[in-house]
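Architecture at a glance
Spelled out, the chains give:
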Amino acid sequence: MPAVGLIRRSPRTLSGRLLKHAPQRSLATAAPPKLTIGIRREDPARIWERRCPLTPDAVQELVQEDGIDVLVQPCDRRVFPVDHFLKAGAKLHPTLEPAHIIIGIKETPLNELITAPVSALQPSESLVHRTYLMFSHTIKGQPYNMPLLSRFLGENNSQPSTLPRLIDYELLSGSDGKRTVGFGWFAGVAGALESLSALAHAHLEIGVASPFLHAPRPHTHPSIPSLRATLRAIGQRISEDGTPKPLGPFVIGLTGNGQVSQGVLSILEELPIVKVGVKDLPSLVGNPETDLRKVYLVHALPEDYLSRTDGGQYSRSDYYQNPSLYKSDFATKVAPYLTLFLNGVGWLPGFPRLMTNEDLTVALNRAAEVGPARFGTIGDISCDIEGGLEFMPRASTLSEPVFKLRPAFLPSHLPAVHIMSVDILPTSLPLDASTHFSGVLTPYLRALVREYRSVRGSASEEKQCQYQEALERATVAKGGQLVGKHKWLREPVEKWRSASASSSTALAMASSTGPAPAESTVHGKKNVLMLGSGMVAGPAVQEICKREDVELVVASNSIDEAKGLTRHLPNAHARFLDVNDSEEMARLIAQADIVVSLLPVPLHPSVAELCIRLGKDMVTASYISPAMRALHERAESSGVLLLNEIGLDPGIDHCSAHSLLSRLRGERKRVLSFTSFCGGLPAPDVVSSTQGEDVPLGYKFSWSPRGVLSAALNAARFKLGGKEVEIPSEDILRKYFPDVPVPEGAALKFEGIANRDSLPYVETYGLGDPGKLRTVLRGTLRYPGFSDLMDAFKAIGLLSPSSPPLHSRTPITGWTDLTRFALQHRLGTDVPGDHDSVRAALFDLLQGRCGEENLEKVIDSLMWLGIMPPRPSLHRVDSSPPSVLPSPATAPIDLFAQVLAHKLRYLPGERDMVVLSHEIVAVPDHASNGTHTEESAEVHTSTLITFGSSRASAMATCVGLPVAFASLAVLDGRSTAKGLGLESGVRGPTEVPSVWSAVLGRLEEAGVGMKERICKVPGRNMSYGEGVMEGKLSLGFFGSS
């Protein structure tokens, strides 16, 4: 097929007119083959989306004059009835599979995206790629739509393919760089009307009825002329009777100078508008003689509110070259005088915000001085979340277009702000918006048709190729590859693919099962949505469903797992969910009262984003990641609690430590030492009486080993015996604690590994002055021998997280070749694949690290795991290797994780064990180190040891139960009162007293409570090492260093 980029079009297509004005001329010199355009239905989850990219009139012209087949996907919500398209010559089709070009407005749902090629038009070709046109919301690297963009791309560096072409309307522009296809003007019209309606309701709250109580909401009228007529009548009433005196002069502020602002200005023409300048505002609002029979409009431009930080004046060219040298004075010069603010200006990082969080406080304080009802309502038509208006936390919906905002930073004497921030405003004007869009889109469609037909134009047409060039500029992906300036998107796509691949099972397509019915929300009951059905879900499901007033939905990509969890539970239901289907996930979240996320850690922030947008609390057992922490202010301002770290570690460890420390503070005790160790281990009988000699590492895995292996790559920092210690990542397994005593488990022997950075827990737990603390240490428990063997694995290269360079990759013949592969990657030199050569390489690498006896144990372990060639005398390999063959493109750590998950998995009848132990040394608050020798120190211990059962593993119990108890505590707190200690924002359990106390109480009832002991030590021994654990750790650690 000829290169479509060479095609040019006729002069009449460049005019933007439809072909009906020149029916005597055909698109090509010969009758072209049939080409098919498909008009997609919009995502059913977008209940307000009624727009359509082509009108029936445009379809008729394409069918009759251009010889195009048009298929229409059935939809009863579309602004144009299906019958109108049928009369125009279109045909109905349920999937649009025969279409070469598929057009819609918003993103195509993943389960409806067709990536297979379609029949070519030319006899020389059999198949050709499809083309999708949409607002894809991918071009800024939006994380929630990387699954969509990924479907248009092959693997990195792969050859061109027949994957579909993606063209984004947002990128279609003229030669001047301005967008040519969009809905900005209609957003301005609809946004102004929605904001006027919101303003009237805000005024009712302060006891004033304004003429805008009758302002029409856009979707309530069939067309813009009808809306104009209604608004014109309101304007006439204002001209006769004026606006309410208690409100003072009615001033509308507008920012922006693009299509959005032009739409606002156009619809406001129906009111008795008087345009004023920014400098006129103080006198206008302060003058009691100002005419109230007018509506005053200030269109604030950048030069009105931007100035240099050094006092210089605004210069457009200088501003775009040096944005950091400018600041916005909008909060003082404009905002305090406005009755209604309509924001139509965008914002980019690196540029000054129109208003910061601090500016909101400044503006509201000043507005209170200016007069009543100033700056109380904002219509953020740009809907730039936390953008130009930093305090604007979320988008609203057409169903609920307005919300009240009272950020936590706002002083209590200042009022809340009403915000309209609907992000799909044009869809409330579906007829007018669709008619306009169809007109500007049609010339581009005709240009695309010419490409498929391989029609070459005349020389004169070569000079007029704007549409072709615009289509090229608007192409995001083509032939399985990103195009031009969009190549940078490969990184966020691969990041998503990597996160997705780390899930325990492959995600199925959303089309393999139907969506959850709307009836899944049970009114009159509290609705819980659980995302994920993995290892810890069982105990959580069972505990939540003990409550008859709770209805639970378990949504999972493994519908069989979900059904297994909910079977025989009348108040639990299973739903299929592809986590990449953000719209379906949003629908499920919207129906819930609280969301429990048991998904992999990288997916929590995207779920949290939806919870914030939909106003739903969320609970997860995972650590607070930087991405999650970044959502704190948005969650807090939205009144949403994102509760994290409520499993075992983190979770029970936090709650139990906080409980003990709170009691000590109540007794006026001061902490000298805080030590805490936790571990999930096989029960002693599983690893034999010698604890680890029969099973390498003395460890087994009930879920992915990747987390355990990754922990061995972390550095650590802590304080022990008055000394602050930092262990670099390369030494974390060499500088371990050889003997960690655990109360209640004296017969068990453990070693310990320092767990990341312990010092921030001084503040987290409120331990007091860091300088007066002798020990602050958190660690992980393992059976003896784990650290030495894992350190050897690490030295070999089995824990390397990076893939070998492409040029240096050599084939892996099987799993017995993994040690050689890791060594070769580690040493950067070839290692022969026979047993003796691999053994020799291991000796060279490890002989300075461990003795000959230990080196033999390492080799025996590698052979037991089936990842080293057998000795020549044995001539055997592992009889049960993992089913998937290893790939040289995979990082050694991931290959090793596959082996451990297979070889060290729990077998039927084997049980696990959880051990958690805190030791706190405390003295009376008035005592100081070494001065009150008659005072006694107290050693407080708090210990949990529990074993798995036939019903659930110990780990599942210790993670699933806290998650369930915390979720129910939040549910009950929300349903009764805000005064139960519930917070909003991103929180850990110790920040929510009603949660951690409820969790500990319920765990005690479930038989998973902590056992506490107190031991007093004479004052003469207070100088060092009263704690049994602390003392042994100090001797073992510093004695071996």
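Before any of the text, the structure's been laid out above.
Residues numbered from 1 in each chain as written. Predicted model: local features only at pLDDT ≥ 70, side-chain atom pairs only at ≥ 80, totals over all residues. Heavy atoms only, no water.

Some words on the overall build of the protein chain
Scanning the protein chain from terminus to terminus reveals 33 helices and 34 strands. The 1041 residues of the protein chain split such that 57% are buried. Of the contacts made within the protein chain by residues no fewer than 6 positions apart, 73% connect residues no fewer than 24 positions apart. For the protein chain, the accessible surface area stands at approximately 42900 Å², while carbon and sulfur atoms represent 52% of it. (Helix = DSSP H or I, 4+ residues; strand = E, 2+ residues; numbered from the N terminus. Buried < 20%, exposed > 50% of the residue type's maximum accessible area, 1.4 Å probe, protein only. Contact = heavy atoms within 4.5 Å. Areas by Shrake-Rupley, 256 points an atom, 1.4 Å probe, with all protein chains shown as cover.)

A few points about the environment of glutamate 991
In this structure, glutamate 991 sits in the loop between strand 33 (985-987) and helix 32 (993-1005). Of the residues examined, glutamate 991 reaches a relative accessible area of 33% and is grouped as partly exposed. Taking the C-alpha atoms as reference points, glutamate 991 and histidine 658, separated by 333 residues in sequence, lie 9.8 Å from one another. If we ignore the near neighbours within four places in the chain, the residues touching glutamate 991 are Glu983 and Val986. Within the local environment of glutamate 991, its side chain forms a polar contact with the backbone nitrogen of glycine 988, the two atoms lying 2.8 Å apart. (Polar contact = N/O pair within 3.5 Å; in protein donor to acceptor, adjacent residues only side chain to side chain.)

Notes on the pattern of salt bridges
Enumeration over the complete set of coordinates arrives at 46 salt bridges. Between aspartate 549 and lysine 526 there is a salt bridge; the shortest N-O distance is 3.7 Å. With aspartate 549 in the loop between helix 17 (537-544) and strand 21 (550-556) and lysine 526 in strand 20 (residues 526-531), this pair connects stretches of sequence that are 23 residues apart. Residue classification places aspartate 549 among the partly exposed positions, given a relative accessible area of 30%. You can call lysine 526 buried: its relative accessible area is 18%. For glutamate 609, the salt bridge goes to arginine 634, with nearest N and O atoms at 2.8 Å. (Salt bridge = Lys/Arg side-chain N within 4 Å of Asp/Glu carboxyl O.)

Observations regarding the sheet that holds strand 11 (residues 295-300)
Reading across from one edge, 10-11-9-14-15-17-16 is the order of the seven strands in this open sheet, with mixed pairing throughout. What marks the edges here is a single partner per strand, and that holds for strand 10 (273-276) and strand 16 (402-405). When the angles between neighbouring strand axes are averaged without regard to direction, this sheet yields 25°. As judged from the four bridges shared by strand 9 (residues 250-255) and strand 14 (residues 340-343), these two strands associate in the parallel manner. Bridge pairing in strand 14 places isoleucine 252 opposite leucine 340. (Pairing = 2+ DSSP bridges. Axes fitted to C-alpha atoms, helices over the stretch in contact; angles between N-to-C directions.)

Description of empty space enclosed by the protein
Evaluated as defined, the whole model comprises six cavities of 30 Å³ or more. Approximately 140 Å³ is the volume attributed to the largest cavity. For the largest cavity, the lining is made up of 14 residues, of which Thr108, Pro109, Leu110, Asn145 and Ser582 are closest to its centre. Elements with a contribution of two residues or more to the lining of the largest cavity: helix 4 (146-150) and helix 19 (582-591). (1 Å grid on protein atoms, 1.4 Å probe; cavity = no way out; pocket = protein on both sides within 12 Å on 5 of 7 lines; lining within 4 Å. Points joined across faces, edges and corners; volume = space filled by probe spheres on them.)

Quick look at the sheet that holds strand 20
Spatial ordering of the open sheet is given by 22-21-20-23-24-25-33, a layout of seven strands whose pairing is parallel. Strands at the two margins of the open sheet, each flanked by one partner only, are strand 22 (572-576) and strand 33. On average, each strand axis in the sheet is tilted by 20° relative to the strand beside it, whichever way the strands run. In the sheet, strand 24 (residues 617-620) pairs with strand 25 (residues 641-643) via two bridges, with the strands oriented parallel. Its bridge partner lying in strand 25, methionine 618 is registered against leucine 642.

Quick notes on the nonpolar core
Ranked by size, the top nonpolar core spans 103 residues in total, and within it Ile101 and Phe212 carry the most contacts. Excluding anything up to four places from it in sequence, isoleucine 101 contacts Leu35, Thr36, Ile37, Gly38, Thr131, Leu133, Leu445, Leu448, Val449 and Tyr452. Counting residues in hydrophobic clusters, the runner-up holds 69 residues, among them Leu697, Val708, Leu818 and Leu900. (Core = buried A, V, L, I, M, F, W, Y, C linked by side-chain atoms within 4.5 Å.)

Quick word on unusual backbone geometry
Here aspartate 649 and proline 650 are connected by a cis peptide whose omega angle stands at 15°. Here proline 650 lies in the loop between strand 25 and helix 23 (652-666). In the Ramachandran plot, leucine 96 falls in the positive-phi region, its phi being about 65° despite a non-glycine side chain. For arginine 756, which is not glycine, the phi dihedral falls at a positive 50°.

Remarks on helix 27 (residues 818-827)
Within helix 27, seven of the 10 residues are buried, leaving the element largely enclosed by the surrounding structure. Those residues of helix 27 that sit buried are Leu818, Thr819, Arg820, Phe821, Ala822, Leu823 and Gln824. Downstream of helix 27 by a residue or two, glycine 828 has a phi angle that is positive, lying close to 70°.

Brief notes about the pairing of strand 17 (residues 417-420)
Residues Val417 and Ile419 line one face of strand 17 and the alternating positions His418 and Met420 line the opposite face, and both faces are buried. Inspection of the sheet shows strand 15 (residues 377-380) paired to strand 17 by three bridges, in the parallel sense. From the neighbouring strand, threonine 377 faces strand 17, where its bridge partner is histidine 418. One ladder, built from four bridges, connects strand 16 with strand 17; its direction is antiparallel. In the strand pairing of strand 17, phenylalanine 403 is matched with isoleucine 419.

Some remarks on the side chain of serine 656
Within the element layout of this structure, serine 656 appears in helix 23. A polar side-chain atom of serine 656 sits 2.7 Å from the main-chain carbonyl oxygen of isoleucine 652. Apart from the residues lying within four places of it in its own chain, the contact partners of serine 656 are Leu916, His918, Leu1000 and Met1010.

Quick look at the environment of serine 729
For serine 729, the location among the structural elements is in the loop between strand 28 (723-727) and strand 29 (751-754). Remark: the alpha-carbon pair of serine 729 and asparagine 714, spanning 15 residues in sequence, is separated by 4.9 Å. Every residue in contact with serine 729, bar those within four places of it in the chain, is listed here: Ala712, Leu713, Asn714, Ala715 and Lys794.

Notes on the packing of aromatic side chains
Applying the stated criterion to the full structure yields 27 aromatic pairs. On the basis of an interplanar angle of 90° and a centroid distance of 6.2 Å, the ring pair of phenylalanine 80 and phenylalanine 85 is categorised as edge-to-face. For the pair phenylalanine 80 and phenylalanine 85, a shared accessibility class is recorded, and that class is buried. An angle of 5° between the planes, with centres 4.6 Å apart, marks the rings of phenylalanine 183 and phenylalanine 437 as stacked. Of the two residues, phenylalanine 183 is situated in the loop between strand 8 (165-168) and helix 5 (184-205) and phenylalanine 437 in helix 13 (residues 430-453); the sequence distance between them amounts to 254 residues. Given a relative accessible area of 6%, phenylalanine 183 falls into the buried group. A connected cluster of aromatic rings, assembled from ring pairs, spans Tyr314, Tyr319, Tyr320, Tyr326 and Phe351. Looking at arginine 756, its charged tip hangs above the ring of tyrosine 623, at a distance of 6.0 Å from the centre. The ring of tryptophan 864 is capped by lysine 903, whose NZ or CZ atom sits 5.0 Å from the centre of that ring. (Phe/Tyr/Trp six-rings, centres within 6.5 Å; stacked < 30°, edge-to-face > 60°. Lys NZ or Arg CZ within 6 Å of the ring centre and 35° of its normal.)

Concerning the pairing of strand 23 (residues 594-597)
Along strand 23, one buried face is formed by Ile594 and Val596 and the opposite face, lined by Val595 and Ser597, is buried too. As paired strands, strand 20 and strand 23 are joined by four bridges and run parallel to one another. Paired with methionine 530 across the strands is valine 596, a residue of strand 23. Where strand 23 and strand 24 come together, four bridges link them in parallel fashion. Across the sheet, residue valine 595 finds its bridge partner in strand 24, namely methionine 618.

What to know about helix 30 (residues 892-903)
Between the first and last C-alpha of helix 30 there are 16 Å, a value that for 12 residues agrees with the 16 Å anticipated at 1.5 Å per step. Of all 12 residues that make up helix 30, nine are buried, and the element is covered over most of its length. Within helix 30 the residues assigned to the buried category are Pro892, Ile893, Leu895, Phe896, Ala897, Val899, Leu900, His902 and Lys903. (Expected span 1.5 Å × (residues − 1).)

Observations concerning the packing of helix 5 against helix 6 (residues 224-241)
Where helix 5 contacts helix 6, the two axes come as close as 12 Å, and the packing angle between them is 35°. Crossing angle aside, the handedness with which helix 5 passes helix 6 is left-handed. In this structure, helix 5 uses Trp185, Phe186, Leu193 and Leu196 to contact helix 6, whose residues at the interface are Ile224, Leu227, Arg228 and Leu231. Looking at the contact of helix 5 with helix 6 residue by residue, the class counts come to seven nonpolar, no polar and one charged. (Left-handed = near helix turned anticlockwise from the far one by under 90°. Nonpolar A, V, L, I, M, F, W, Y, C, P; charged D, E, K, R; others polar.)

Purely spatial values, then, with no claim about function.
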